[in-house]
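In case you want the letters, here they are:
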Amino acid sequence: MNPQGLVELRDLVKVYATGDVEVRALDGIDLKIDEGEFVAVMGPSGSGKSTLMNILGCLDRPTSGHYFLGGDDVARMNADERAEIRNARIGFVFQNFNLLSRTSALENVELPLIYGRQGYGPHERAEKAMSMLAKVGLTGREKHNSSQLSGGQQQRVAIARAIATQPRLMLCDEPTGALDLETGRQVLELLQLTAGRDGRCVVVVTHNSGIAT
Ligand code: ADP
Ligand code: MG
C-alpha cells in the first residue's frame, strides 16, 4: 500500500483565464485521502467543487501544485497518459446519470468493460454486469431502458457502471442533485457502501448536510 495514501494534493491552484477576467477557482488546496475513505465535499455554488472533481478525475489539469494519485504525479502528465489513468483507476457518477438512452441497464454497465483493459469476452462481460447490477439492487431490471427506470434507479445503474471496472477512486459530482431527498439519501448510502471495497475511495460532492461521515 502506498504510504502517501491514494490521493494527495499539495498547494493545488486552478485559475481560469477568460478574456481579461481571472477566476481563482482553487487557491492552494492541500488534501490527503487514504485508501477506502469516503469523503464528502460541501460548499456553496461557485466555490470550486466541480473544478476540484475535474482535476481529481484527470479531466483537467491544475494551474500549479501537485496531484499524486497512487504516487504518480498526474499534474505533470499529458492528455494520453491522463486518459489511461482515468480508464484504469477512476469511476465517475454525474448529477444527470449520463446513461445511454434506448440502451438497456445491462448494456450501459457492460460498456466500460468493452473498452476496459480486462479483456473480458461477451459472456463474462454480461455476467460481470449482472453482478454489478445485483450489488446496486437492480436484479430483474437488466433489460429495462433508461426511460423505463426512475431517477434513483438510473443513478444506481450509473453507480454499477462506475464500479464495474473496479476503480480505486470513484468521483461523484452532485449525484443526488436530480433526486428527491429520500431517494438521494438511499443513493448516498449505496455510495458509502461502495467505499472501502477493494480499497476504493469515494469522493462525493453533495448538498445533503445530513450525510454521516
Ligand atoms: P462549484 O462546482 O462549486 O459550483 P465550479 O468549480 O463549477 O464551482 O466553479 C468555480 C468557479 O470557477 C466559478 O466562479 C466558475 O464560474 C468558474 N469556472 C468554472 N469552470 C470554468 C471555466 N471552464 N472557465 C472559466 N471559469 C470557470
Ligand atoms: Mg459544480
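Residues numbered from 1 in each chain as written. Chains lettered and ligands numbered in written order. Predicted model: local features only at pLDDT ≥ 70, side-chain atom pairs only at ≥ 80, totals over all residues. Heavy atoms only, no water.

Our focus in this paragraph is the site of ligand 1. All residues in the neighbourhood of ligand 1 are listed as Tyr16, Val23, Ala25, Pro44, Ser45, Gly46, Ser47, Gly48, Lys49, Ser50 and Thr51. Here serine 47 contributes a backbone N or O atom positioned 3.2 Å from an oxygen atom of ligand 1. Glycine 48 has a polar backbone atom sitting 3.1 Å from an oxygen atom of ligand 1. At the level of elements, strand S2 (21–33) and helix H1 (49–56) are the ones that each hand at least two residues to the shell around ligand 1. Sorting elements by how many residues they give to the shell around ligand 1 places H1 first, with three residues. The residue makeup of the shell around ligand 1, split by class, is four nonpolar, six polar and one charged. (Near = heavy atom within 4 Å. Polar contact = N/O pair within 3.5 Å; in protein donor to acceptor, adjacent residues only side chain to side chain. Helix = DSSP H or I, 4+ residues; strand = E, 2+ residues; numbered from the N terminus. Nonpolar A, V, L, I, M, F, W, Y, C, P; charged D, E, K, R; others polar.)

Covalent bonding between the sulfur atoms of two cysteines defines a disulfide. What the rule picks out here adds up to zero disulfides. Not part of a disulfide, cysteine 58 finds its nearest cysteine sulfur in cysteine 201, a span of 12 Å. Among the residues examined, cysteine 58 registers a relative accessible area of 1% and is labelled buried. Just so you know, cysteine 201 is unpaired, no disulfide at all, and the nearest cysteine sulfur is the one on cysteine 172, 10 Å from it. (Disulfide = S-S within 2.5 Å. Buried < 20%, exposed > 50% of the residue type's maximum accessible area, 1.4 Å probe, protein only.)

With respect to the element layout, glutamine 153 can be found in helix H5 (residues 151–163). Owing to a relative accessible area of 18%, glutamine 153 belongs among the buried residues under this scheme. In contact with glutamine 153, not counting residues within four places along its chain, are Leu138 and Arg141. (Contact = heavy atoms within 4.5 Å.)

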